[in-house]
Amino acid sequence: MSLSDIRQRIAAAERKADRPEGSVELVAVSKKQPDERVLSVLEQGHRVFGENRVQEAQGKWPAFREQFGDCMLHLIGPLQSNKARVAMELFDVIEVLDRPKLSKTLARLAQELGSCPDLLVQVNTGEEPQKAGILPADADAFIADCLALDLPIRGLMCIPPVEETPALHFALLAKIAERNGLDILSMGMSGDFETAIATGATHVRVGSAIFGERPTE
Ligand SMILES: *Cc1c(COP(=O)(O)O)cnc(C)c1O
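Residues numbered from 1 in each chain as written. Predicted model: local features only at pLDDT ≥ 70, side-chain atom pairs only at ≥ 80, totals over all residues. Heavy atoms only, no water.

Taking an unreviewed UniProt entry as the reference, the protein is identified by name as Pyridoxal phosphate homeostasis protein belonging to Palleronia caenipelagi. The UniProt entry for the protein carries this comment under Sequence similarities (unreviewed entry): "Belongs to the pyridoxal phosphate-binding protein YggS/PROSC family." The Cofactor (unreviewed entry) comment attached to the protein in UniProt states, word for word, "pyridoxal 5'-phosphate". (UniProt positions renumbered as here; feature names shortened; annotations may be inferred.)

Here you go:
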């Protein structure tokens with residue numbers, strides 16, 4: 001696989017779903033990938049990336065941005081409150097808003113900094129105890145609370161349970177977004193992004209299918 005293969009598959013999935021070409025944004029998930037693979041994708045002109053650790057992103061993206069200009073960075077892994085300030089300064093989109101304590105911290109920092117990245121609420125559609133995300137039943141109230149704090153909530157994100165049919169989870173996420181008037185749906189990874197596009201994903205987060213398998217240590 002490569003960047004151009006994935007772009008072609010996204011375009012094909014858009015056509016199949018009767019969606020306008022270019023309506024789905026590809027977030028290239030560069031976590032743990034060797035720099036030379038990320039450089040190659042940057043050199044091909046791609047500018048939207050996802051990272052799951054604040055510290056790792058902090059270590060590599062300032063230099064990439066210096067070399068390649070503006071890149072849109074999405075945080076897609078858990079955010080601890082004590083890293084929130086750094087994350088708000090580094091990322092353009094934080095996809096993992098998943099609890100009231102974090103929303104209060106982000107609201108306070110947004111006041112202080114005078115700006116805030118776009119935010120997505122992570123929903124634990126599979127209600128898995130070990131997984132981050134707000135439970136589906138609590139999502140509407142949580143979104144309302146975040147909006148009342150003036151947070152720029154733009155959409156929702158989910159990671160379906162590995163052993164279940166992703167389409168059901170994607171459909172649930174789409175339903176929650178629709179009834180809350182939210183436009184962005186971040187769903188779908190290397191193994192299921194075409195299904196996600198068929199179910200309304202506006203953003204797909206694809207890592208290994210673009211860059212190759214991540215090194216294990
Ligand atoms: C790692 C990761 C991805 C990308 O996974 P691939 O299977 O490599 O495409 C997408 N979303 C999240 C939240 C991730 O942590």
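A. Seen up close, the nonpolar core. Core analysis: the largest hydrophobic core is formed by 64 residues, its most contacted members being Leu-97 and Leu-156. Excluding anything up to four places from it in sequence, Leu-156 contacts Leu-120, Val-121, Val-123, Ile-143, Leu-173, Ile-176, Ala-177, Leu-182, Ile-184, Leu-185 and Ser-186. (Core = buried A, V, L, I, M, F, W, Y, C linked by side-chain atoms within 4.5 Å. Buried < 20%, exposed > 50% of the residue type's maximum accessible area, 1.4 Å probe, protein only. Contact = heavy atoms within 4.5 Å.)

B. Molecular detail of the site of the ligand. Around the ligand, the neighbouring residues are Val-29, Lys-31, Ile-76, Met-157, Ile-159, Met-189, Ser-190, Arg-205, Val-206, Gly-207, Ser-208 and Arg-214. One of the side-chain N or O atoms of Arg-205 is found 2.9 Å from a nitrogen atom in the ligand. At 2.8 Å from an oxygen atom of the ligand is found a side-chain nitrogen or oxygen belonging to Arg-214. Its free accessible area being 390 Å², the ligand has 88% of it covered by the protein chains. Of the residues contributing to the shell around the ligand, the split by class is 6 nonpolar, 3 polar and 3 charged. (Near = heavy atom within 4 Å. Polar contact = N/O pair within 3.5 Å; in protein donor to acceptor, adjacent residues only side chain to side chain. Areas by Shrake-Rupley, 256 points an atom, 1.4 Å probe, with all protein chains shown as cover. Nonpolar A, V, L, I, M, F, W, Y, C, P; charged D, E, K, R; others polar.)

C. Structural context of unusual backbone geometry. Although it is not a glycine, Asp-18 adopts a positive phi angle of roughly 55 degrees. Inspection of the secondary structure assignment puts Asp-18 in the loop between helix H1 (3–16) and strand S1 (25–29). Within the chain, Glu-127 stands out as a residue other than glycine whose phi angle is a positive 50 degrees. Position of Glu-127 relative to the elements: it lies in the loop between strand S5 (118–122) and helix H6 (136–148). (Helix = DSSP H or I, 4+ residues; strand = E, 2+ residues; numbered from the N terminus.)

D. Representation of helix H7 (residues 166–179) in the model. With 14 residues, H7 extends 20 Å from end C-alpha to end C-alpha; this agrees with the ideal 20 Å at 1.5 Å per step. Tucked inside the fold, the buried residues of H7 contact H6, strand S6 (153–157), strand S7 (184–186) and helix H8 (193–198). (Expected span 1.5 Å × (residues − 1).)

E. Here's a closer look at the UniProt feature "modified residue: N6-(pyridoxal phosphate)lysine" (unreviewed entry) in the protein. Those residues carrying the UniProt feature "modified residue: N6-(pyridoxal phosphate)lysine" (unreviewed entry) are Lys-31 in this numbering. In this structure, Lys-31 sits in the loop between S1 and helix H2 (35–43). For Lys-31, a relative accessible area of 17% puts it in the buried group. Not counting residues within four places of it along the chain, the set of residues in contact with Lys-31 comprises Gly-50, Glu-51, Asn-52, Glu-56, Lys-60 and Arg-214.

F. Structural context of the pattern of salt bridges. One pass over the structure, following the stated rule, counts 10 salt bridges. Salt-bridge contacts for Lys-60 lead to Glu-51; the nearest nitrogen and oxygen are separated by 3.0 Å. By the burial criterion, Lys-60 is buried, and Glu-51 matches it. Arg-154 is the salt-bridge partner of Asp-118, the closest N and O atoms lying 3.0 Å from each other. (Salt bridge = Lys/Arg side-chain N within 4 Å of Asp/Glu carboxyl O.)

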